[in-house]
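# Observations on the three-dimensional arrangement
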Amino acid sequence: MKVPIASPVMTEKMIEAAANALRNERLTLGESVFKFEEAFARMCGTKHAISVSSGTAALQLALQANGIRAGDRVVTSAMSFVASSNSFVVFGGLPGFGDASDSDYNLDPQKLDRVIDGKTRAVMPVHLYGQPAMMDEINDISRKRKLVVIEDACQAHGALYKGKRAGNLADAGCFSFYPTKNMHVGGDGGMITTNDDKVADLCARMRHCGRKKGSNYEHDLIGYTYRLNSANAAIGIEQLKMLPEWNEKRRAAAKTYDSKLNGVGDLVLPPQPTKDIEPVFHLYTLRTKKRYELKAFLEPKGVGVGLNYEIPIHLQPAYKEKFGYKEGLLPVSERLCKEVIAIPMFADITPEQINYVVECVKEFYR
Ligand SMILES: Cc1ncc(COP(=O)(O)O)c(C=O)c1O
């Protein structure tokens, strides 16, 4: 049996929606783009959603629209995909990496203070693997210091924190529609969500080359070409309709894994849902001291695995070279990056596939 780590979905209905957009709409900024944005904002409960070309572009524009400039520090988690901080380092922003918490693998609010300095202007919690960060604590600390808070919700479409959706928990939220995400488009894409009219307007103009409102060739902002195209938006509309059902299925699959893998070998189960936190299991991750051995055992049996992540961002070669980071700075993030292993998780994973993965994992420990 083969069980991939992820399984992007592209139904005939989605392909037809893209074809319709290609036949009938403007290829960029066609009506599907605006319909997708309206539907996405409705899902998040935010006033606005602005589509862009990737999750990284979403983070960059959300920060810049909130006034973050070259020389400003943005505190984020090193236990994330490198794009979280690439999004501001590209325009001269300075990283400040807070350590992760052992309990949810997200930015640890208790260690946030020590990273915030006089240059810090923003905090970017990441809802890693679809698990919302401790937003109340993070927002409290940030508000006291008048810092902007931008959610990196690139892995958390539809996740709930105290009854509110990811993307509606701070000044702005940012999503990725990369093909392995809980919902995606026909390639790359992203979305910014916000309740702030001014930020929404700035993002919409910056993604469109900084055009002045209502003008074609007058530009009053330094902008980018970060638009999501109409065909991708049309696919996004169809994917978004499936998101609640898909997330429910992921949560059910996670529950099954939990019950079958609890107590096996040295495995540590992922952070668990609580009454306040409803994760969406973008990934199902385990922790073990033997992850490389487990990976080498599972892969030849057709079981896909992911090492998310192998290197915390501050120890990525590009970051060590540019900022001089050394090992030992963020002990929890560094340990997590030695222990975490993701096993197959996607909405349509079957009970047979889950059983097969579980049996292979158990065989390894036997
Ligand atoms: C946590 C996180 N942040 C940012 C990104 C960047 O998104 P994209 O690949 O769409 O630019 C991703 C996804 O790849 C991600 O997982």
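This report concerns the structure included in the present document. (Residues numbered from 1 in each chain as written. Predicted model: local features only at pLDDT ≥ 70, side-chain atom pairs only at ≥ 80, totals over all residues. Heavy atoms only, no water.)

## Some thoughts on the sheet that holds strand 7 (residues 164–165)
- Strands sit in the order 7-6-10 across an open sheet of 3 strands; the sheet is antiparallel. Lying at the two open borders of the sheet, with one neighbouring strand each, are strand 7 and strand 10 (277–278).
- As paired elements, strand 6 (residues 160–161) and strand 7 share 2 bridges and run antiparallel to each other. For Leu 160, the partnering residue across the bridge sits in strand 7 and is Arg 165. (Pairing = 2+ DSSP bridges. Helix = DSSP H or I, 4+ residues; strand = E, 2+ residues; numbered from the N terminus.)

## Topic: helix 11 (residues 351–365)
- Here helix 11 spans 21 Å end to end across 15 residues, near enough to the 21 Å set by a 1.5 Å rise per residue.
- Among the residues making up helix 11, those that are buried are Gln 353, Ile 354, Val 357, Val 358, Cys 360, Val 361 and Phe 364. Along helix 11, the residues classed as buried sweep out an arc of 160 degrees about the axis, all on the same side.
- Those residues of helix 11 that are buried lie in contact with helix 7 (230–261), helix 8 (291–298) and strand 12 (340–343). (Expected span 1.5 Å × (residues − 1). Buried < 20%, exposed > 50% of the residue type's maximum accessible area, 1.4 Å probe, protein only. Arc of directions from axis to C-beta. Contact = heavy atoms within 4.5 Å.)

## So, the nonpolar core
- Ranked by size, the top nonpolar core spans 33 residues in total, and within it Leu 63, Ile 150 and Ile 192 carry the most contacts.
- Considering each element in turn, this core owes the most residues, 7 residues, to helix 3 (residues 55–65).
- Among all residues touching Ile 192, those that are not within four sequence positions of it are His 48, Ala 49, Ile 50, Val 52, Ala 58, Leu 61, Ala 62, Ala 172, Gly 173 and Cys 203. (Core = buried A, V, L, I, M, F, W, Y, C linked by side-chain atoms within 4.5 Å.)

## Regarding the side chain of Arg 250
- One can find Arg 250 in helix 7.
- It turns out Arg 250 is buried and unbridged, and the closest side chain with the opposite charge, Asp 348, is 9.3 Å from it.
- Discounting residues that sit within four places of it in the chain, Arg 250 has contacts with Thr 180, Lys 181, Asn 182, Val 280, Phe 281, His 282, Met 345, Phe 346 and Ala 347. (Lys, Arg positive; Asp, Glu negative; His and termini not counted. Salt bridge = Lys/Arg side-chain N within 4 Å of Asp/Glu carboxyl O.)

## Some points on the environment of Ile 341
- Tracing the chain through its elements places Ile 341 in strand 12.
- It is 6.2 Å that separates the C-alpha atoms of Ile 341 and Arg 287, two residues lying 54 residues apart in sequence.
- Residue contacts for Ile 341: discarding those within four places in its chain leaves Tyr 284, Thr 285, Leu 286, Thr 288, Arg 291, Leu 294, Lys 295, Val 305, Gly 306 and Leu 307.

## With respect to the pattern of salt bridges
- Inspection of every chain in the model, using the stated rule, returns 28 salt bridges.
- Close ionic contact of Glu 31 with Lys 35 constitutes a salt bridge, the shortest N to O distance being 3.2 Å. Taken as a pair, Glu 31 and Lys 35 lie in helix 2 (residues 31–44) at a separation of 4 residues, close to a single helical turn.
- The partly exposed category is assigned to Glu 31, whose relative accessible area is 47%.
- On the basis of relative accessible area, Lys 35 is assigned to the partly exposed category, the value being 47%.
- The salt bridge partner of Asp 99 is Lys 111, with a shortest N-O separation of 3.3 Å. In this pair, Asp 99 sits in the loop between strand 3 (94–98) and strand 4 (120–124) while Lys 111 sits in the loop between strand 3 and strand 4, placing the two residues 12 residues apart along the sequence. The two residues Asp 99 and Lys 111 agree in class, both being buried.
- A single salt-bridge network, built from bridges that share partners, covers Asp 102, Arg 287, Lys 289, Arg 335 and Glu 339.

## What to know about the site of the ligand
- Around the ligand sit 15 residues, and of these Gly 55, Thr 56, Asp 152, Gln 155 and Ser 176 come closest.
- The backbone of Gly 55 places a nitrogen or oxygen atom 2.8 Å from an oxygen atom of the ligand.
- In the environment of the ligand, an oxygen atom lies 2.5 Å from a nitrogen or oxygen atom belonging to the side chain of Thr 56.
- The protein chains hide 93% of the 380 Å² of surface that the ligand would expose on its own.
- Counting residues per element, the ones that place at least two in the shell around the ligand are helix 3 and helix 4 (83–89).
- Per-element tally for the shell around the ligand: the top contributor is helix 3, with 3 residues.
- Taken together, the residues of the shell around the ligand sort by class into 5 nonpolar, 8 polar and 2 charged. (Near = heavy atom within 4 Å. Polar contact = N/O pair within 3.5 Å; in protein donor to acceptor, adjacent residues only side chain to side chain. Areas by Shrake-Rupley, 256 points an atom, 1.4 Å probe, with all protein chains shown as cover. Nonpolar A, V, L, I, M, F, W, Y, C, P; charged D, E, K, R; others polar.)

## Examining the packing of helix 8 against helix 11
- At a minimum axis separation of 10 Å, helix 8 and helix 11 run at an interaxial angle of 125 degrees. In terms of orientation, helix 8 and helix 11 fall into the oblique class. Crossing hand, helix 8 versus helix 11: right-handed. Note on element contacts: helix 11 touches helix 8 through Cys 360, Val 361, Glu 363 and Phe 364, opposite Glu 293, Leu 294, Phe 297 and Leu 298. (Axes fitted to C-alpha atoms, helices over the stretch in contact; angles between N-to-C directions. Parallel < 35°, antiparallel > 145°, perpendicular 65-115°, else oblique. Left-handed = near helix turned anticlockwise from the far one by under 90°.)

## With respect to unusual backbone geometry
- With an omega of 10 degrees, the peptide bond between Asn 308 and Tyr 309 qualifies as cis.
- Tracing the backbone through its elements, the reader meets Tyr 309 in the loop between helix 8 and helix 9 (317–323).
- Positive phi values are uncommon outside glycine, yet Lys 146 reaches one of about 55 degrees.
- Along the chain, Lys 146 falls in the loop between helix 5 (135–144) and strand 5 (148–152).

## A short note on the sheet that holds strand 9 (residues 190–194)
- Within the open sheet, the 7 strands sit side by side as 1-9-8-5-4-2-3. Their pairing is mixed. Taken across any chain shown, the strands that pair with only one partner, and hence form the sheet edges, are strand 1 (48–52) and strand 3. Taking the axes of each pair of neighbouring strands and ignoring which way they run, one obtains an average angle of 25 degrees across the sheet.
- Relative to strand 3, strand 2 (residues 73–77) is paired through 5 bridges, and the arrangement is parallel. Within strand 3, the position partnered with Val 75 by the bridge is Gly 96.

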